[in-house]
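Results of the structural survey
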Amino acid sequence: MELPNPDPRPEGEVRELERIWATPRGWRLVTAVNNTVIGLLYIGVAFLFFLMAGLLAVVMRTQLAVGDNRLIDQDLYNQMFTVHGTTMMFLFAVPAVEALGVMLLPQMLAARDLPFPRLSAFAIWAYVVGGLVFFSTIFYDLAPKGGWFMYPPLTLMEYSPGDNADFWLLGIGFIEISAIAGAVEIVVGALRTRPPGMSLARMPIFAWTMLIFASMIMFAFPAVILATMMLEIERAFGWPFFTAAVGGDPLLWQHLFWFFGHPEVYIIFLPAAGLVSMMVPTMARTPLVGYHLIVVALIGTGFFSFGLWVHHMFTTGIPALSLAFFSAASMAVAVPSGIQVFSWIATIAAGRQRFRITTASLFILGFLFIFTLGGLTGVMVAMVPFDHQVHDTYFVVAHFHYVLIGGFVFPLFAAIYYWMPLFSRRMLSERVGRWVFWMMFVGFNVTFLPMHLTGLRGMPRRVWTYPGEMGWDTLNLISTAGTYVLAAGILVFLVDLAAKFRIGNRAVENPWGAGTLEWLPNDVYSTRSIPHITSREPLWDRPSLPQEVRDGHHYLPNAPTGWRETIVTSPIHARPQYVIQMPGPGWPPFLAAVFTAAFFLLLTVKMVAIAVICGVLAIVFVLAWAWGLDPGPSKGMIEIAKGVRLPTYMSGPTSHSWWAMVVLMFVAGSLYLAYVFSYLFLWVVSPEVWAPAGSPAPPPIGWPVASAALLLAGSGILWLVSRKLQQYAASRLAISAALLLSLVCLSAAFMLETGGHLTTGLDPGENAYGAMVYLGAVLFAQLVLALLIMGLFTLARHLAGKLDAVRRVTYDNYALLYHYTVAQSLLGLGLIHGFPRLIG
Amino acid sequence: MNEPIHEPPVAGAILFLLAGPILWGGHLLAVYTFHAVTCAVAGPWATAVVPGAIVAATLAAAGALLLGFSFPGKLARALRCFDQDDSQPFLIRAGRLLTVLSLAGVLWTGSGALALAPCVQFR
Ligand code: HEM
Ligand SMILES: [Cu+2]
């Protein structure tokens, strides 16, 4: 292969890179946005949540050690398992995966950073502040008590008065938004910032899993966001979505929650499997056996996991045949997981040398053992009659800890041991590591294996204590003893971590002799030059690669624009397309995150006035941050390799911001589909409250028609503006007027839609039909609000001379969301006004 | 801005890869919705139509999956993601394997209709 930059590089380029990518010091550290810095914060905080939620588990297990124990009371116990479960799922597992993505993905792709560094910083800070406040509610008797899935009617105002449940709804709803922001980053990062030559077929498995992880978040999280919105609205304003007496249905919550909740466990597990697929070949010193099969298994699992949610509802009275569909799907999903397990075993067996036993490999073997057992009990509970027996018993608690701890915590520990050298000057101790592994492995099994039996003997989950004479004492005592061993193992790990972990460049370059790009020579700017890739294990197939990369013989060995930049490549074949100029450290993302978190938390405690102020401040900082983006093509073309010149700016469908917008539109679209589903679901359950028989009929057809006409007119106007921008013939005044007019059309369409329902006397608090109709208006209003802000912002850019035929990202984003809103609202108008006429 | 690189649109490639799973999902959604709604609103004659309809839907989905499995090149051309580059065998192989997985899922799901009485709860 010919090197992209064969000639010796001029002096001083490395110093220039170091200056540009330097981490801010002192208290300005919070303004840092580089993935290695904020990624470390991210994983650190996620791990902190693991420890704190684990501590709650130790307290719970202590309470359960013997029957009739009075260590903590029932109310506190309820808060504890709710906060433990919620924290583990939402504040530890998902963020830890995203953190690994933020930290490792750019390194594995040899990109200088992810495409939207400030977006990651925003998501992370929002999560840190929001998460810490949420967790602290346990200390003030303010924590939610409804379990991690918060089923109504228990969580309705009548049965859960006070603010406790609201902390869950607003706090977690908000963390989910932060997770979605991270997902946008990861999708675009994995598809567009790969090194030249790394086609899809050469992408590391971890990148595949992160891509699938992020896509799953795009489609799963909106369902639970809608559900939390509905429950919060019902609690605050009494719109009866879940109250059966007036046409609501608590089962709707279960459908929406588990449509998210089941994929959630694969959202956690697949990236962990991806980590394992990266480590196993290194330890076996041979390429992964069945790369294709693994990719297929990952896609299959990710996709199939959306068709399993009803297996959490086997005991809710759904007809048996429907249950059979989901029982079948639940067993079918075990097939791709099995494929992966066999691929790993085959890889271990295929190595010509013996599989190397390190602490990381021990954790991988432990994972295989524990996760397989959890998978087997999973197939057991996927069988409807068996599930009827063990539903809501400790058997289920044992099952999901086997898959969650086996399938996620063990691979995570393996990953910490394996990738530690990337981030720390010293590695963790292998000798202590054996102790950590064996204590955790034994402690885990001693804790959770007996729970299968406690469950089969009938002990329900979520009980704060039990009578001494039930025959459950011994098993519980063993479980508790195991928990202490497990906790001690983690403690030993922490001590070793404190002794060894020192941020800084690694001492040993590639300690395990791995074949993937994250082990190239690295510094704050990532790799000196971005390698040209011709295989899946470039470091094995081209031993000279590290030296070439360090000497700047590959792409972009310097910083031609004088600021942070990375290469964007095409999504399938990874051919270089353009260079992104990326933003550096700054206050706006940090401040915007703090105020966004404050907005949601103050709303929870009903301090509306200050909350609104914080909300406005958050928007102001987001705008301040957005103002600095979209630099325009002022830097022209630059040379990234001998004879390869790329533009430094891109707008339109190839640009990364366009892609991010499309991802967001998918998120919004799945939220809306969840809404359509809910509407039809409640109609099936309670047709008697539906218009025209059970509620005021929808307004005369003129209202929705006028609304639709206005929406279409708005879209048309933007289409014209788009053409005018291209020709750049229009006057400043005409474009400003057109932008304003599009906003007027939109607002008027919204007012007509809402006003029409008000004239009929329909009341959202009356029954589920009214609530659903006005919820449609709420979803419409959200988009209108977002578009008003974006539209005025675009107008300001235009007036400031920062918008033209080429430099048009702000406008494109506005127009894309606008057209999306029109499409969604037309569908909505058809549903809300057409459906009652259809059935009436 | 000028576009320096041309490759088949990624949407086509994604659709091609996911064709099998999408059919599986469509089938599950169709039989589940049909079954739930028919049993909820149709009354006694639901029992008569449900099994046959589900078997028919299952056979149709299975047939479509078999077509996709047998003629991947045609499918790729239809989705405009066919090109001669190195990723092509990868996409084709992965896509075909996914149709096999989906076929297993579809048959597994549909077979329930042969064994279970529709619209009753076994409790
Ligand atoms: C560190 C060791 C752990 C121990 C000793 C432990 C122990 C427990 C205990 C005692 C309960 C309450 C059971 C009940 O009363 O019904 C529980 C519930 C739960 N745990 Fe863990 N756990 C651990 C780690 C984890 C991890 C790593 C996760 C997830 C990633 C997790 C997720 C959950 C969930 C979702 C619940 C259900 C909460 C609810 O019922 O709403 N746990 N765990
Ligand atoms: Cu599940």
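Sequence order as written defines the numbering, with residues in each chain counted from 1. Each chain gets a letter, beginning with A, and each ligand a number, beginning with 1, in the order they are written. Only residues with pLDDT of at least 70 get local features here, since the model is predicted, and only at 80 or more are side-chain atom pairs given and counted; chain-wide, interface and lining totals rely on the full set of residues. Based on all heavy atoms of the structure, the side-chain values leave hydrogens and waters out of the count.

When you go through chain B residue by residue, the secondary structure sums to four helices and zero strands. Elements are defined by DSSP. Helices are runs of H or I of four residues or more, strands are runs of E of two residues or more, and each kind is numbered from the N terminus. When the helices and strands of chain B are read in sequence order from the N terminus, they spell out α-α-α-α. In this scheme, a residue with accessible area under 20% of its type's maximum is buried, one over 50% is exposed, and one in between is partly exposed, where area comes from a 1.4 Å probe on protein chains only. A burial count over chain B gives 42% of its 123 residues as buried. Accessible surface, chain B: about 6,100 Å² in total, of which carbon and sulfur atoms supply 72%. In these tables, accessible area is a Shrake-Rupley quantity obtained with a 1.4 Å probe, and a residue counts as shielded only by the protein chains included in the view.

So, about the pairing of strand 1 (residues 565–569) of chain A. Residue and element names in this part refer to chain A. Most of strand 1 sits inside the fold, with five of its five residues counted as buried. Two strands make a pair as long as DSSP finds a minimum of two bridges between them. Direction of pairing for strand 1 relative to strand 2 (residues 576–581): antiparallel, over a ladder of five bridges. Looking at the pairing, T569 lines up with P576 of strand 2. Hairpin connection of strand 1 to strand 2: six residues between the antiparallel strands, including A574 at a positive phi of 55°.

A few words on the interface of chain B and chain A. Pairs of residues are marked as contacts when any of their non-hydrogen atoms sit within 4.5 Å. Each side of the interface is counted separately: chain B has 48 residues, and chain A has 52 residues. Whenever Lys or Arg places a side-chain nitrogen within 4 Å of a carboxyl oxygen from Asp or Glu, that contact is recorded as a salt bridge. Counting across the interface, chain B meets chain A through zero salt bridges. By the criterion applied in these results, polar contacts are pairs of N or O atoms within 3.5 Å in which, for protein atoms, one can donate a hydrogen and the other can accept it, and in which residues neighboring in sequence qualify only through two side-chain atoms. On the surface where chain B and chain A come into contact, there are three residue pairs in polar contact (both at pLDDT 80 or more). For the side of chain B that touches chain A, the secondary-structure elements that each account for two or more residues are helix 1 (10–41), helix 2 (46–70) and helix 4 (87–115) of chain B. Think of it as three bins: nonpolar holds Ala, Val, Leu, Ile, Met, Phe, Trp, Tyr, Cys and Pro, charged holds Asp, Glu, Lys and Arg, and polar takes everything else, Gly as well. Its residues assigned to classes, the side of chain B that touches chain A shows 32 nonpolar, nine polar and seven charged.

Here we take up the coordination of the copper ion (ligand 2). All names here are of chain A. Only nitrogen, oxygen and sulfur atoms count as donors, using a 2.8 Å cut-off from the metal that widens to 3.2 Å for Na, K and Ca. Water is left out, so coordination shells may look unfilled. Only H262 (ND1), H311 (NE2) and H312 (NE2) from the protein reach the copper ion (ligand 2) as donors, at distances of 1.7 to 2.0 Å. All donors of the copper ion (ligand 2) come from a single chain, and their spacing in sequence reads H-x48-H-H. With a gap of 50 residues between them, H262 in helix 7 (residues 250–284) and H312 in the loop between helix 8 (291–304) and helix 9 (320–332) connect regions that are remote in the sequence.

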